[in-house]
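So the chains spell out like this:
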Amino acid sequence: MASLKLQASTTIGECIDDKPTLDRLHAFLKDHFCENYLDFLIELRTFSTLPPTNRGTSAESVWSRFISTESEERVHLPEEYIEKLREVLFVSSEDGPPKAKDDLSDDVFVEVERYTTLHLENDAFARFKLSVLYPPAPCALDLVDESSSSPPASPPINRRCCSLSPLL
């Protein structure tokens, strides 16, 4: 299977649908400590393909893995989305903790998926595309020929990378 030819116009959805590119993106995000957002987005996409009557267990898993305050992979969402998800997901129970509803619509999940997609595409995914499309120029130290007594030539300046904002 040929890997996706990454271009400036490539979307995160196209990368998720292409396994080799998804693996590269996941590794990049892991290096930047934000792979949980990609994992969350993939879970949301999977959730929306399930029939409404089978979403309860998946929704509980998404909540406990990514949204719960105790989660190690917690994604930071605006409070309004967390409240909407809580309302849609759980039925209060008098004999214990809230239970997930059996028949869930995906309206709020689609909204959260859209938010997460935009958040990733405008931040970490944009940096990923730049790193693939415009690899950094070689470091001057890598160009030093230790057997030569003359000073090394200056490496070419990669002007495309000069305006990048610092990494997280």
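As the structure is a prediction and not an experimental result, all values here were calculated from the model.

Q: Honestly, helix 2 (residues 19-31) in this entry has me stumped. Any pointers?
A: For an α-helix, 3.6 residues make a turn, and residues three or four places apart therefore share a direction. End to end, helix 2 covers 18 Å across 13 residues, agreeing with the expected 18 Å (1.5 Å per residue, within 8%). Taken together, the buried residues of helix 2 touch helix 1 (12-17), helix 3 (35-49), helix 6 (107-122) and helix 7 (124-133). One or two steps after helix 2, the chain reaches Phe-33, where phi turns positive at roughly 60 degrees.

Q: Would you take a moment to explain the packing of helix 2 against helix 7 for this structure?
A: Packed helix pairs are characterised by how far apart their axes lie and by the angle those axes make with each other. Interhelical geometry of helix 2 versus helix 7 gives an angle of 110 degrees and a closest axis separation of 10 Å. The pairing of helix 2 with helix 7 is recorded here as roughly perpendicular in orientation. Helix 2 and helix 7 meet at a crossing whose hand is right-handed. Counted together, Thr-21, Arg-24, Leu-25, Phe-28 and Leu-29 of helix 2 and Ala-124, Phe-125, Arg-127, Phe-128, Ser-131 and Val-132 of helix 7 form the full contact between these two elements. For the contact of helix 2 with helix 7, the class distribution of residues is seven nonpolar, two polar and two charged.

Q: Just to check I follow, could you spell out the pattern of salt bridges for this structure?
A: Side chains bearing opposite charge may pair, as long as their charged atoms lie close to each other. The full count for this structure, using the stated rule, is eight salt bridges. In this structure, the salt-bridge partner of Arg-65 is Asp-39, at a minimum N-O distance of 3.7 Å. Residue Arg-65 is located in helix 4 (residues 55-67), and its partner Asp-39 is located in helix 3; the two are separated by 26 residues in the primary sequence. Since its relative accessible area comes to 29%, Arg-65 is described here as partly exposed. Measuring nitrogen to oxygen at the nearest pair gives 3.7 Å for the salt bridge that ties Arg-65 to Glu-43. Here Glu-43 lies in helix 3 and Arg-65 lies in helix 4, a separation of 22 residues in the sequence. You can call Glu-43 partly exposed: its relative accessible area is 24%.

Q: What is the right way to read helix 5 (residues 79-89) from this model?
A: Those residues of helix 5 not exposed but buried are Tyr-81, Ile-82, Leu-85 and Leu-89. One side of helix 5 holds all its buried residues, which, seen down the axis, span an arc of 100 degrees.

Q: It is not clear to me how the side chain of Thr-116 should be interpreted in this structure. Could you clarify?
A: You can see Thr-116 is positioned in helix 6. Here Thr-116 is in contact with Tyr-37, Phe-40, Leu-41, Leu-44 and Leu-77, once residues within four sequence places are set aside.

What counts and how
- Residues numbered from 1 in each chain as written.
- Predicted model: local features only at pLDDT ≥ 70, side-chain atom pairs only at ≥ 80, totals over all residues.
- Heavy atoms only, no water.
- Helix = DSSP H or I, 4+ residues; strand = E, 2+ residues; numbered from the N terminus.
- Expected span 1.5 Å × (residues − 1).
- Contact = heavy atoms within 4.5 Å.
- Axes fitted to C-alpha atoms, helices over the stretch in contact; angles between N-to-C directions.
- Parallel < 35°, antiparallel > 145°, perpendicular 65-115°, else oblique.
- Left-handed = near helix turned anticlockwise from the far one by under 90°.
- Nonpolar A, V, L, I, M, F, W, Y, C, P; charged D, E, K, R; others polar.
- Salt bridge = Lys/Arg side-chain N within 4 Å of Asp/Glu carboxyl O.
- Buried < 20%, exposed > 50% of the residue type's maximum accessible area, 1.4 Å probe, protein only.
- Arc of directions from axis to C-beta.

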